[in-house]
Amino acid sequence: MSKLALLGGRKAVTSDPKDIFRWPIVTKEMEDSVLEVLRAGNMSGTNITKQFERGFADWHGMNYGLGCNTGTAALHCAFFGIGIGKGDEVICPSVTYWASCLPVFSLGGTVVFADIDPDTLCIDPADIEKRITKKTKAILVVHYCGRPADMDRIITVARKYNLKIVEDVSHAHGAMYKGRMVGTFGDVSAFSCMSGKSFAIGEAGIMLTNDREIYERGIAFGHYERHNELTVPELKKGAGLPWGGYKYRMHQMSSAVGLVQLKKYPSEMAEIDRAMNYFWDSLDGLPGVRSPRPAKGSGTTMGGWYSPLGHYKSDELNGLSITRFCEAVRAEGVNLAPGCNIALHKHPLLNVLDVYKDGRPTVISNSVEDIRGFGGPLPVTEGIQSRVFRVPWFKKYYPEIIKEYAGAIRKVIENHKELLSDDPGDPENIGSWGLSFH
Ligand SMILES: *Cc1c(COP(=O)(O)O)cnc(C)c1O
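These remarks concern the structure in this document.

The rules behind each value
- Residues numbered from 1 in each chain as written.
- Predicted model: local features only at pLDDT ≥ 70, side-chain atom pairs only at ≥ 80, totals over all residues.
- Heavy atoms only, no water.
- Phe/Tyr/Trp six-rings, centres within 6.5 Å; stacked < 30°, edge-to-face > 60°.
- Helix = DSSP H or I, 4+ residues; strand = E, 2+ residues; numbered from the N terminus.
- Buried < 20%, exposed > 50% of the residue type's maximum accessible area, 1.4 Å probe, protein only.
- Salt bridge = Lys/Arg side-chain N within 4 Å of Asp/Glu carboxyl O.
- Pairing = 2+ DSSP bridges.
- Polar contact = N/O pair within 3.5 Å; in protein donor to acceptor, adjacent residues only side chain to side chain.
- Contact = heavy atoms within 4.5 Å.
- Near = heavy atom within 4 Å.
- Nonpolar A, V, L, I, M, F, W, Y, C, P; charged D, E, K, R; others polar.
- Core = buried A, V, L, I, M, F, W, Y, C linked by side-chain atoms within 4.5 Å.
- Axes fitted to C-alpha atoms, helices over the stretch in contact; angles between N-to-C directions.
- Parallel < 35°, antiparallel > 145°, perpendicular 65-115°, else oblique.
- Left-handed = near helix turned anticlockwise from the far one by under 90°.
- Patch = residues over 30% accessible without salt bridge, like charges linked within 9 Å, V, L, I, M, F, W, Y side chains within 5 Å.
- Areas by Shrake-Rupley, 256 points an atom, 1.4 Å probe, with all protein chains shown as cover.
- Expected span 1.5 Å × (residues − 1).

**Here we look at the packing of aromatic side chains**
Two numbers describe a pair of aromatic rings. These are the distance of the centres and the angle of the planes. Across all of its chains, the model carries 27 aromatic pairs by this definition. With a centroid separation of 5.3 Å and 65 degrees between ring planes, the pair formed by F199 and Y265 is classed as edge-to-face. Of this pair, F199 sits in the loop between strand 8 (188-192) and strand 9 (205-209) while Y265 sits in helix 9 (residues 252-283); the two residues are 66 residues apart in sequence, bridging distant segments of the chain. Judged on exposure class, the residue F199 and its partner Y265 are both buried. With 6.5 Å between their ring centres and 50 degrees between their planes, F221 and Y248 make a pair best called tilted.

Right, dumping it as structure tokens:
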């Protein structure tokens with residue numbers, strides 16, 4: 001009989017995971033702070049949100065923070081903040097959550113996809129350059145699944161062509177790029193703080209910038225109740241009504257949670273980092289799998305390791321498909337899933353749908369004429385689903401449990417030849433539009 005659980009053997013993981021996956025970690029202080037807001041009927045105020053903004057901005061050493069009800073809203077404010085409007089093009093990776101770029105369409109802008117780097121899984125600086133036209137205004141960078149993008153090279157391209165940089169930091173709160181926090185490199189950055197993210201405080205988002213005008217444009221756009229903060233004459237003229245027609249105020253039960261989370265996140269992040277590094281150390285040197293983490297000593301870190309991925313090398317396992325590999329590991333009791341976010345340019349919304357009744361697809365309605373070949377081929381992006389898999393996201397450093405999980409993966413790798421004969425290969429679609437969580 002086979003050793004592998006998928007073929008009738010014993011499961012590798014038998015221990016109770018306890019609270020190793022529980023997230024967010026809710027403390028009494030958080031509960032009390034929420035109750036205080038609730039009992040005071042202060043849910044729709046801005047006083048606590050402003051304290052949270054100050055704390056979050058200070059943590060990054062940035063001048064201004066604008067709390068929003070979602071990360072999507074923070075991105076929308078950021079795009080408006082840097083002045084994206086009719087006909088402007090924003091270059092973005094296609095492997096990301098949709099909110100990284102879809103808000104651009106409602107501003108009359110155009111999304112142009114660039115390929116990703118196979119190692120970082122973030123936007124490829126060399127490919128950005130190929131997508132630049134006279135209409136290009138900005139680059140949207142996602143630090144994807146915790147891994148910081150190659151900011152040095154991205155900044156070089158942005159300077160050369162006078163482009164703005166927007167950082168989407170929804171996957172990498174607290175991560176460092178060469179010793180400096182992500183979210184501090186761009187003209188503006190936006191963070192989702194919804195409860196699946198590593199900095200999880202409810203439905204919430206925040207925009208950071210050092211530029212007073214970008215900050216005020218964000219306020220003008222979706223925060224009419226704060227128009228008394230406006231000082232830029234052009235913006236003051238339009239005070240009183242939200243320019244975008246959106247109401248993006250942060251819920252104060254979330255900002256109250258956020259104030260507590262700011263105090264305890266660094267230690268939680270350190271524990272996650274220790275746990276995830278222990279996991280990958282236990283798999284070091286095995287064929288077929290690689291960690292996504294940056295080199296030790298590079299000063300680049302994974303922050304809270306949001307939705308951590310692994311790289312898969314099918315050729316090192318005699319061509320075993322990632323689907324079959326993950327299935328076998330799941331049978332051992334470890335929830336591995338093949339793929340990541342499905343590439344956005346594959347969706348009808350980014351091909352044929354006419355959202356705003358322009359008489360032609362929204363994807364080209366404000367810019368390029370011909371949809372065929374739009375954005376050009378994205379070879380790395382298109383093949384990535386069979387080359388990455390989602391790994392367990394450990395929140396606690398329990399080495400005995402983590403060792404068991406790593407042991408299950410090791411067991412499948414060591415016995416992978418037993419899986420080859422019945423390997424049906426990969427289905428056509430792997431991954432999901434939005435990452436889903438345990
Ligand atoms: C979650 C997420 C967002 C949007 O944040 P919400 O708070 O869910 O609106 C934006 N970008 C990325 C990369 C995300 O993962």
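Additional details are given in the paragraphs that follow.
**What about the pattern of salt bridges?**
By the definition in use, this model includes 24 salt bridges. Of the charged contacts, one joins R153 and D150 as a salt bridge, the two residues approaching to 3.4 Å between their closest N and O atoms. Looking at D150, the relative accessible area reads 22%, which means it is partly exposed. Residue R324 pairs with E327 through a salt bridge whose shortest N-O separation is 3.5 Å. Of this pair, R324 and E327 both sit in helix 10 (residues 322-331), three residues apart, which is roughly one turn of that helix.

**Some thoughts on the sheet that holds strand 11 (residues 309-312)**
Spatial strand order, 10-11-13-12: four strands in an open sheet with antiparallel pairing. Looking at which strands have only one partner, the edges of the open sheet turn out to be strand 10 (289-290) and strand 12 (337-338). Across two bridges, strand 10 lies against strand 11 in antiparallel orientation. Across the sheet, residue V289 finds its bridge partner in strand 11, namely Y312.

**Some details on the side chain of S432**
Mapped onto the fold, S432 is located in the segment after helix 13 (417-420). Separated by 2.8 Å, the side chain of S432 and the backbone oxygen of G434 make a polar contact. Apart from the residues within four sequence positions on either side, S432 is in contact with C340, N341, I342 and R390.

**Things to note about unusual backbone geometry**
For residues besides glycine, phi is generally negative; the peptide bonds are generally trans as well. Cis geometry marks the peptide bond from W23 to P24; its omega dihedral reads -5 degrees. Within the secondary structure, P24 sits in the segment before helix 1 (28-40). Phi is positive for N162, close to 55 degrees, though the residue is something other than glycine.

**Regarding the site of the ligand**
Around the ligand sit 15 residues in total, of which T72, D168, H171, S192 and K197 are the nearest. S192 is positioned with one of its side-chain polar atoms (N or O) 2.6 Å from an oxygen atom of the ligand. Within the side chain of K197, an N or O atom sits 3.0 Å from an oxygen atom of the ligand. Sorting elements by how many residues they give to the shell around the ligand places helix 3 (residues 71-81) first, with three residues. Per-class residue counts for the shell around the ligand are five nonpolar, eight polar and two charged.

**Here's the deal with the nonpolar core**
Within the largest apolar cluster, 95 residues are counted, with the highest numbers of intra-cluster contacts made by F79, I128, Y144, M151 and I154. With seven residues, helix 3 is the single largest residue contributor to this core. Sequence-distant contacts of I154, defined by excluding residues within four places in its chain, comprise I123, P125, I128, I139, V141, A149 and I165. Core analysis: the next-biggest nonpolar cluster, separate from the first, contains 40 residues, F279, L336, F389 and I409 among them.

**Section: the packing of helix 2 (residues 47-60) against helix 9**
The contact between helix 2 and helix 9 brings their axes to 8 Å, and the two run at 30 degrees. Taken together, the axes of helix 2 and helix 9 lie roughly parallel to each other. Our pair here, helix 2 against helix 9, has a crossing hand that is left-handed. For the pair helix 2 and helix 9, the contacting residues are N47, I48, T49, Q51, F52, G55, F56 and W59 in the first and Q252, S255, A256, G258, L259, L262 and Y265 in the second. In terms of residue class, the contact of helix 2 with helix 9 is made up of eight nonpolar, seven polar and no charged.

**Looking at a nonpolar patch on the surface**
Side chains of V352, L353, V355 and Y356 sit close together on the surface and give an oily, nonpolar patch of about 370 Å² of accessible area. Counting through the fold element by element, L353 comes out in the loop between strand 12 and helix 11 (379-383).

**Quick word on helix 12 (residues 399-414)**
For helix 12, spanning 16 residues, the distance from its first C-alpha to its last is 22 Å, which sits close to the expected 22 Å at 1.5 Å a residue. Along helix 12, the positions that sit buried rather than exposed are I401, I402, E404, Y405, A406, A408, I409, K411, V412 and I413. On the buried face of helix 12, the contacting elements are helix 9, strand 10, helix 10 and helix 13.

The values reported here are purely geometric and, on their own, carry no functional implication.
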